[in-house]
Amino acid sequence: MVRKDFKEKVVEMKHITKVFGNFIANDHINLTVHKGEVHALLGENGAGKSTLMNILYGLYQPTSGEIYIRGKKVDITNPNVAIKHGIGMVHQHFMLVEPFTVAENIILGMETTKTLGTLDMKKAIQDVKELSEKYGLYVDPNAKIHDITVGMQQRVEILKALYRGAEILILDEPTAVLTPQEIHELMQIINNLTNEGKSVIIITHKLKEIKMAADYCTIIRRGKWIDTVDVSETTEEELAAKMVGREVSFKVDKKENKPSKTVLSIENLVVKDNRGIDAVNGLSLEIKAGEIVGIAGVDGNGQSELIEAITGLRKIESGKVLLNGKDITNKTPREIIEDGISTIPEDRQKRGLVLDFTVAENMVLENYSKVPFSKNGILDYNKIKEFAKELIHKFDVRPTDENVRARALSGGNQQKVIIAREVTNDPELLIAAQPTRGLDVGAIEFVHKALVEQRHKNKAVLLVSLELDEIMNVSDRIAVIYEGKIVGILDAKEADENTLGLLMAGGGGERGQESK
């Protein structure tokens, strides 16, 4: 990357403090961004990154501190004021009207009209085409949002901000749902934007992408500014250490393991989604004891429906699921748990925890009716709390109070409670669905160790993740899912991002099926 000479300051946030009740989310944070710069904002879960950017975009008001845009002190009371100052924000969850076209979404609220106030759609489409060509953001202005890929939808969000005159663009976790090819294209788009003098702020926890795209990086820990570094002179390991306050291991330590008997066998599975359309469409897969099989795929290709079908939460239309040779097709979730399947669910708050229960109560959700936790239908809270204390210590759950309600815990600690409960059940098969979604590198390291530990105990592990790095680092074999089918199974040691990305996008034919 050619070093740019950053002289002109476009954003200065000085001593920004934001307090919610007794909680200090931002504690005297300083941030400076220059014209033409890509500035990454890095921090653990709950560090205060999004709060800081929501203040810049006018969604929150600072408790104290000052904001300067191009040297002039401003009071950003709402997003409309931010837009007038040339600030645009692309949120992690896109805010598009699905039945509308690309052009209709981009001009929404800023429509081009003819005389008598009628909509000039022809002019709008032409404006969108010119804007998209200028920045290499190629989209079809006439395509409906529900017909285009997630990567294309993100382009629409960026164009929406540029159409409103954004000179400073905030991207919140921009690569969370993209394929490797789409991530590469996004990096090119960011480069095009900065070449045109735009400034880009990226909120992320992906160190690799900071190294690829950012010029400078500001690290926030527990609401406080830790450091601002020149990315070209800093390693990923140094960034991680500043972020969590200790050294973090990126390498998943797996000893050689020879898989043995088949634990899970899925045969020609067909499962419908909520619309009655086949989301899983003739899928077959086998997982053996002592191996981790990772399922790679772009979100929305049947991953969620597959897990729900295996665990008894969704009806199987046809096909079979066998656990150690026993047919568990369409059994109840309770029966499936009893048969030896434990799950770290995709949505930890909806499916993994009862948020208003204590940590101790959540630890025994699946076993509360058994001895020693209950006798003759009466719960023994002393035994439950004793058990919870052991797990809190073993799995480093913070805070260490078993009486705290689950909703009071951070995302990483909520995940630790679920992992503690599920692996203590000593399952034959552990299903981990998006187990590190939204977690920082310290919590990710913990989750990966827990999965590998199950493998080393000769258990079968099914890992479903949208994070390709995670799939490649943790898995022994990688099965790629596309439109509800497994389109390729590869040995993780031989897999590379390009091959996987091509299969994930429906290209590359059927690969490695013989390794089933």
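Residues numbered from 1 in each chain as written. Predicted model: local features only at pLDDT ≥ 70, side-chain atom pairs only at ≥ 80, totals over all residues. Heavy atoms only, no water.

Undergrad: How should the domain arrangement of the protein be read in this particular structure?
TA: It is common to report an interface's size as the accessible area lost on association of the parts. Taken domain by domain, the protein consists of domain 1 (5-244), domain 2 (260-340 + 463-506) and domain 3 (341-426). Once you take the C-alpha centre of each, domain 1 and domain 3 turn out to be 38 Å apart. (Domains from an automatic or database assignment.)

Undergrad: Which parts of the structure should I look at to understand a nonpolar patch on the surface?
TA: Judged by side-chain polarity, F20, F23, L59 and Y60 come together as a nonpolar surface patch covering roughly 370 Å² of accessible area. Judged by relative accessible area, Y60 falls into the partly exposed class, the value being 31%. (Patch = residues over 30% accessible without salt bridge, like charges linked within 9 Å, V, L, I, M, F, W, Y side chains within 5 Å. Areas by Shrake-Rupley, 256 points an atom, 1.4 Å probe, with all protein chains shown as cover. Salt bridge = Lys/Arg side-chain N within 4 Å of Asp/Glu carboxyl O. Buried < 20%, exposed > 50% of the residue type's maximum accessible area, 1.4 Å probe, protein only.)

Undergrad: Teacher, can you tell me more about the packing of aromatic side chains here?
TA: To describe a pair of aromatic rings, one takes the distance between the centres and the angle between the planes. Counted by the stated rule, this structure contains four aromatic pairs. Ring plane angle 70° and centroid distance 6.1 Å describe the contact between F395 and F446, whose orientation is recorded as edge-to-face. Taken as a pair, F395 in the loop between α13 (381-394) and α14 (411-424) and F446 in helix α15 (residues 441-456) lie far apart in primary sequence, 51 residues in all. When its relative accessible area of 6% is taken as the criterion, F395 is described as buried. Over the aromatic face of F20 sits the side chain of K18, whose NZ or CZ is 5.1 Å from the ring centroid. The side chain of K416 reaches across the aromatic face of F446, ending 5.0 Å from its centre. (Phe/Tyr/Trp six-rings, centres within 6.5 Å; stacked < 30°, edge-to-face > 60°. Helix = DSSP H or I, 4+ residues; strand = E, 2+ residues; numbered from the N terminus. Lys NZ or Arg CZ within 6 Å of the ring centre and 35° of its normal.)

Undergrad: Looking at this structure, I do not really get the environment of E338. What am I missing?
TA: Relative to the helices and strands, E338 is located in helix α10 (residues 333-339). In this structure E338 comes out as partly exposed when scored by relative accessible area, which is 44%. Taking C-alpha positions, E338 is 23 Å from F357, a pair spaced 19 residues apart along the chain. Polar contacts involving the side chain of E338 include one to the side chain of K370, which spans 3.4 Å. (Polar contact = N/O pair within 3.5 Å; in protein donor to acceptor, adjacent residues only side chain to side chain.)

Undergrad: I tried to follow the sheet that holds strand β12 (residues 278-288) on my own but got confused; where do I start?
TA: Strand pairing in a sheet relies on backbone hydrogen bonds, with the paired strands running either antiparallel or parallel. The four strands lie next to each other as β12-β11-β14-β15, forming an open sheet whose pairing is antiparallel. Edge strands, defined here as strands with exactly one partner in the open sheet, are β12 and β15 (326-327). Of the pairings in the sheet, the one linking strand β14 (residues 316-323) to β15 comprises two bridges and is antiparallel in character. Across the sheet, residue L322 finds its bridge partner in β15, namely D327. (Pairing = 2+ DSSP bridges.)

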